[in-house]
Number of protein chains: 2
Amino acid sequence: MAKVTLKSLAKGLNMSVSTVSKALNDSYEISEETKSKVKAYATAHNYQPNIIAQTLKTGKTNTIGVIIPKMSSPFESQIIEGIQEAATKENFRVVIMNSMENEAMEKSNISSMVAKGVDGILFCPIHEHSNINLVKQISENTPFVIFDRTNYAIDTHKIGVLNTEGTHAACQHLFDMGHRKVAILGGAHQGITADRVAGYKQAHKEADIPVQEEYIIYLNVKSVAELHEGLSRNIQKLRNLPEPPTAVVGISDTITTHSLGILSQLGIKVPQEIAVIGFANTDLAFSLNPSLSTIYQPAKDIGAISFAKVLDILNKKYRNQIEWEDIKLPTTIQLRESTKINL
Amino acid sequence: MAKVTLKSLAKGLNMSVSTVSKALNDSYEISEETKSKVKAYATAHNYQPNIIAQTLKTGKTNTIGVIIPKMSSPFESQIIEGIQEAATKENFRVVIMNSMENEAMEKSNISSMVAKGVDGILFCPIHEHSNINLVKQISENTPFVIFDRTNYAIDTHKIGVLNTEGTHAACQHLFDMGHRKVAILGGAHQGITADRVAGYKQAHKEADIPVQEEYIIYLNVKSVAELHEGLSRNIQKLRNLPEPPTAVVGISDTITTHSLGILSQLGIKVPQEIAVIGFANTDLAFSLNPSLSTIYQPAKDIGAISFAKVLDILNKKYRNQIEWEDIKLPTTIQLRESTKINL
DNA sequence: TTGTAGGCGTTATCAT
DNA sequence: ATGATAACGCCTACAA
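This is a predicted model, so every value here is computed, not measured.

1. Some remarks on the sheet that holds strand β6 (residues 182-187) of chain B
Residue and element names in this part refer to chain B.
In step 1: Strands sit in the order β7-β6-β8-β9-β10-β12 across an open sheet of six strands; the sheet is mixed. Strands with a single pairing partner mark the edges of an open sheet, and in this sheet they are β7 (216-219) and β12 (332-334). Strand-to-strand, the axes of this sheet are offset by a mean angle of 20°, without reference to chain direction.
In step 2: Relative to strand β10 (residues 293-296), strand β9 (residues 275-279) is paired through three bridges, and the arrangement is parallel. Pairing of F279 across the sheet is with I295, part of β10.
In step 3: On the sheet, helix α11 (residues 253-265) packs against β6, β7, β8 (247-250) and β9 and is oriented at approximately 160° with respect to β9.

So, in structure tokens, the structure goes:
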């Protein structure tokens, strides 16, 4: 079956290419009669416009790119799901690239996306300065929206969560359960860590509990192996303190869930010897033993809203007048077994 | 900064567009001297060929599509990671769409991909007949490669794992540990279930242990909620049998990990009261308590090989002469706490 | 209301 | 060895 183009339709209908084109695009210049005739004929022949040609002509690709540092935890999968659902509805396609927490890779991702053509980019940067000049430059033409790691110094829409409030609420809960010695496990060089530690400190201040600096741990999260080693070492260090913590807050999906594994490996009972709570979006929170108390992020919403926002920018004629939003969605605390014991 | 095209380069160099194009494409018709001059000038001006135009001209998109029923478990993330890595190396881009285990969505995914232009499609079908006629028809022009759920009746390359051998080995291990009453938890209407149950039966036959049909459970896996309900109900049913099983084999990531959660919720001790092993690719196998014995699939390889195979097809001139391969990669068993007790 | 012609950026064919 | 020209499929002034 030869491919059906505007030209072939035009020939079949004995009309000109432009008439057919205009009819299909509902141009006001075309009579209703011809329109319906053309449309009927087109569907009968299963006409599919060539999007490549459309793109070349209009400069619009109807594609948005997503650059994300990793895809391994459910948090990211859920964000992507949200993006895809929203994009599909608007007839956009989604190109995902993985920067693998590597700045050079991130750079090549960005360049490749621009080269191959995307209308906009949803971007979760490696860290707060990564490729900032490149992004600033490109964002003059191609709109960027920053998600998740929103402490990134470009003027645009940003969609993340109330990180400070999340850890604040977790600490508050631990305090309510009688804990006074609470450690926090963060990722080194992760932008979100700062905000989440801030919530931790603030909660302590409000509850009039002094912050012990040695309770604040920064872990290398580049690889699972390094994380394991670091977690194992630091948890033992915490346990050997004159005043070992009775509870611990994890700052990300990976850190929180893996802590639970390390604790079990070390034979430390949760929640009897130490309570655990942390950011985590995994469906497995329930399946862990003990089931894990979590700070849950509305990941799907982050994705959906990010897409909506980039579309907003694309639909604006004059981009220099947009008021940039820094959206912070609330987290929710889900209490399970791992924090169940009242001291 | 105005955009730099062949035309603008040509003007700057005082040459014709075609000379510049040929020089950049290393045509034998162009002298080395001009080539180097052109190339230097092009890089100096940061020339990036317009891929859209290239595509329109050549009909090649350098894009491959991936259609996958879900992205929620690590198994899928790892496959996608493998695809993306391989594709990036070959300068291909990857478009991922999620069929959400829904046949209508799958259909729209396929159509949309074809419409928007991909050179080939990596396809994990919902089930063995889903959209088979559509796929057969489209695959005349756009090559398909089937991955993971390879029991799908089209002639093409297929990449999966040795499902039968996987469960066979798991059962064998359980038998070695002294178990004789082994249940298996599969997904209803999942193609892979059949093969994996076959391995279960075969292992029983070889070990001369009769297969008890009531030990073979088919679960509704459409949603986490339904899975939970089904698992909870069936596990209790198994426990109430005159001869309750002492071990259970899970047939997928989700089923296996969630069983562990349900068992803990029901207060059933693993591995003391029941041993658990199953297909699972999660990094959390270790973090679970008890740590989970798993049948691990080389998911990243599945992805990488699938991409390589579709590239193979694209590079062949005469596709009707290709000998289709049905590649089955071996799984590996990782033994941990959840099967540790010797009966 | 319809048709003609030109162009988006590239590649390929054919002259020079 | 280089250049002119047409074409990929579509859109859109502009002309009729």
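2. A few points about the packing of aromatic side chains
In step 1: Using the criterion set out here, one finds six aromatic pairs over all chains in the structure.
In step 2: Between F123 of chain A and Y152 of chain A the ring centres are 5.6 Å apart and the planes differ by 80°, which places this aromatic pair in the edge-to-face class. Of this pair, F123 of chain A sits in strand β3 (residues 120-123) while Y152 of chain A sits in the loop between β4 (144-147) and β5 (158-161); the two residues are 29 residues apart in sequence, bridging distant segments of the chain.
In step 3: Residue classification places F123 of chain A among the buried positions, given a relative accessible area of 0%.
In step 4: Classification of Y152 of chain A by relative accessible area gives buried; the value is 1%.
In step 5: Ring centres 5.6 Å apart and planes at 75° place the aromatic pair F92 of chain B and F307 of chain B in the edge-to-face group. Remark: F307 of chain B occurs in helix α12 (residues 299-315) and F92 of chain B occurs in the loop between α5 (74-89) and β2 (93-98); sequence separation between them is 215 residues. Assigned by exposure class, F92 of chain B and F307 of chain B land together as buried.
In step 6: The side chain of R196 of chain A reaches across the aromatic face of F279 of chain A, ending 3.6 Å from its centre.

3. Examining the protein's contact with DNA strand D
In step 1: Taken together, 27 residues lie near DNA strand D, and L6 of chain A together with T19, K22, T34 and K57 of chain B sit nearest.
In step 2: The sugar-phosphate portion of DNA strand D accounts for 59% of its atoms within 4 Å of the protein, the bases making up the rest.
In step 3: In the model, a base oxygen of DNA strand D is placed 3.4 Å from a nitrogen or oxygen of the K57 of chain A side chain.
In step 4: Within the contact set of DNA strand D, a base nitrogen lies 2.7 Å away from a side-chain nitrogen or oxygen of K57 of chain B.
In step 5: When residues of the surface near DNA strand D are traced back to their parent elements, those giving at least two are α1 (6-13), α2 (17-24) and α4 (51-58) of chain A together with α2 (17-24) and α4 (51-58) of chain B.
In step 6: Residues that form the surface near DNA strand D fall into these classes: eight nonpolar, eleven polar and eight charged.

4. Some words on the domain arrangement of chain A
Residue and element names in this part refer to chain A.
In step 1: Each assigned domain of chain A is listed here: domain 1 (63-161 + 299-329) and domain 2 (163-297 + 332-339).
In step 2: For domain 1 and domain 2, the distance between their C-alpha centroids amounts to 29 Å.
In step 3: Residue-level contacts link 13 residues of domain 1 with 13 residues of domain 2.
In step 4: For the pairing of domain 1 and domain 2, the buried interface totals around 1,100 Å² over both sides, and the portion due to carbon and sulfur atoms is 43%.

5. Observations concerning the protein's contact with DNA strand C
In step 1: The full set close to DNA strand C counts 26 residues, and S18, T19 and K22 of chain A together with L6 and Y47 of chain B are the nearest of them.
In step 2: Sugar and phosphate atoms form 58% of the subset of DNA strand C atoms that lie within 4 Å of the protein.
In step 3: A distance of 3.4 Å separates a base oxygen of DNA strand C from a polar side-chain atom of K22 of chain B.
In step 4: Elements supplying a minimum of two residues to the surface near DNA strand C: α2 and α4 of chain A together with α1 (6-13), α2 and α4 of chain B.
In step 5: In terms of residue class, the surface near DNA strand C is built from eight nonpolar, eleven polar and seven charged.

6. Re the pairing of β5 of chain A
All names here are of chain A.
In step 1: Residues K158 and G160 point to one face of β5 and I159 and V161 to the other, with burial holding for every one of them.
In step 2: Across two bridges, β4 lies against β5 in parallel orientation. In the sheet register, I146 faces β5, and the bridge partner there is K158.
In step 3: In terms of strand pairing, β5 meets strand β11 (residues 326-329) through four bridges, oriented parallel. Opposite G160, over in β11, you have K328 as the bridge partner.

7. So, the relation of the copies chain B and chain A
In step 1: For the match of chain B to chain A, the screw axis carries a shift of 0.1 Å, the RMSD comes to 0.2 Å, and the turn is 180°. Taken together, the rotation and translation relating the two chain copies correspond to the operation of a two-fold axis.

8. Focus on the pattern of salt bridges
Residue and element names in this part refer to chain B.
In step 1: Taken as a whole and assessed by the stated rule, the structure comprises 28 salt bridges over all chains.
In step 2: The salt bridge involving E76 is made with K70; its shortest N-O contact spans 3.6 Å.
In step 3: With its nearest N and O atoms 3.4 Å apart, the salt bridge here joins D312 to K309. One end of the pair is D312 and the other is K309, both in helix α12 and three residues apart, which spans about a single turn.
In step 4: Taking relative accessible area as the criterion, K309 reaches 13% and is therefore assigned buried.

9. Notes on the environment of M71 of chain A
In step 1: Following the sequence through the fold, M71 of chain A ends up in the loop between β1 (63-68) and α5 (74-89).
In step 2: Separated by 29 residues in sequence, M71 of chain A and M100 of chain A place their C-alpha atoms 8.4 Å apart.
In step 3: If we skip the residues at most four places from it in the chain, M71 of chain A touches E76, S77, I80, I96 and N98 of chain A together with M71, S77, I80 and Q84 of chain B.

10. Some words on the packing of helix α8 (residues 163-176) of chain A against helix α9 (residues 191-206) of chain A
All names here are of chain A.
In step 1: Where α8 contacts α9, the axes come no closer than 7 Å and their chain directions differ by 40°. One element, α8, and the other, α9, form an angle in the oblique class. Of the two elements, α8 crosses α9, and the hand of that crossing is right-handed. Contacts between α8 and α9 involve N163, T164, T167, H168, C171 and F175 from the first element and I192, D195, R196, A198, G199, Y200, Q202, A203, H204 and E206 from the second.
In step 2: Of the residues that constitute the contact of α8 with α9, the class distribution is six nonpolar, seven polar and three charged.

11. What to know about the sheet that holds strand β12 (residues 332-334) of chain A
Residue and element names in this part refer to chain A.
In step 1: Reading across the sheet, the six strands line up as β7-β6-β8-β9-β10-β12 and stay open at both edges, with mixed pairing between neighbours. Strands at the two margins of the open sheet, each flanked by one partner only, are β7 (216-219) and β12. Between one strand axis and the next, the sheet turns through 20° on average, direction left out of account.
In step 2: Lying on the sheet, helix α10 (residues 224-239) is in contact with β6 (182-187) and β7; it crosses β7 at an angle near 160°.

12. So, the interface of chain B and chain A
In step 1: Listed by partner, the interface residues are 46 residues for chain B and 45 residues for chain A.
In step 2: Each partner contributes to the roughly 4,100 Å² buried at the junction of chain B and chain A, and carbon and sulfur atoms together form 62% of this total.
In step 3: For the pair chain B and chain A, the interface holds zero salt bridges.
In step 4: For the interface between chain B and chain A, the tally reads four residue pairs in polar contact (both at pLDDT 80 or more).
In step 5: Looking at the side of chain B that touches chain A, the elements that each hand over two or more residues are α4, α5, β2, α6 (103-116), α10 (224-239) and α11 of chain B.
In step 6: In terms of residue count, the dominant contributor to the side of chain B that touches chain A is α11 of chain B (seven residues).

Calculation rules
Residues numbered from 1 in each chain as written. Chains lettered and ligands numbered in written order. Predicted model: local features only at pLDDT ≥ 70, side-chain atom pairs only at ≥ 80, totals over all residues. Heavy atoms only, no water. Pairing = 2+ DSSP bridges. Helix = DSSP H or I, 4+ residues; strand = E, 2+ residues; numbered from the N terminus. Axes fitted to C-alpha atoms, helices over the stretch in contact; angles between N-to-C directions. Contact = heavy atoms within 4.5 Å. Phe/Tyr/Trp six-rings, centres within 6.5 Å; stacked < 30°, edge-to-face > 60°. Buried < 20%, exposed > 50% of the residue type's maximum accessible area, 1.4 Å probe, protein only. Lys NZ or Arg CZ within 6 Å of the ring centre and 35° of its normal. Near = heavy atom within 4 Å. Polar contact = N/O pair within 3.5 Å; in protein donor to acceptor, adjacent residues only side chain to side chain. Nonpolar A, V, L, I, M, F, W, Y, C, P; charged D, E, K, R; others polar. Domains from an automatic or database assignment. Buried area = accessible area lost by both parts, 1.4 Å probe. Least-squares fit on C-alpha atoms with pLDDT ≥ 70 in both. Salt bridge = Lys/Arg side-chain N within 4 Å of Asp/Glu carboxyl O. Parallel < 35°, antiparallel > 145°, perpendicular 65-115°, else oblique. Left-handed = near helix turned anticlockwise from the far one by under 90°.

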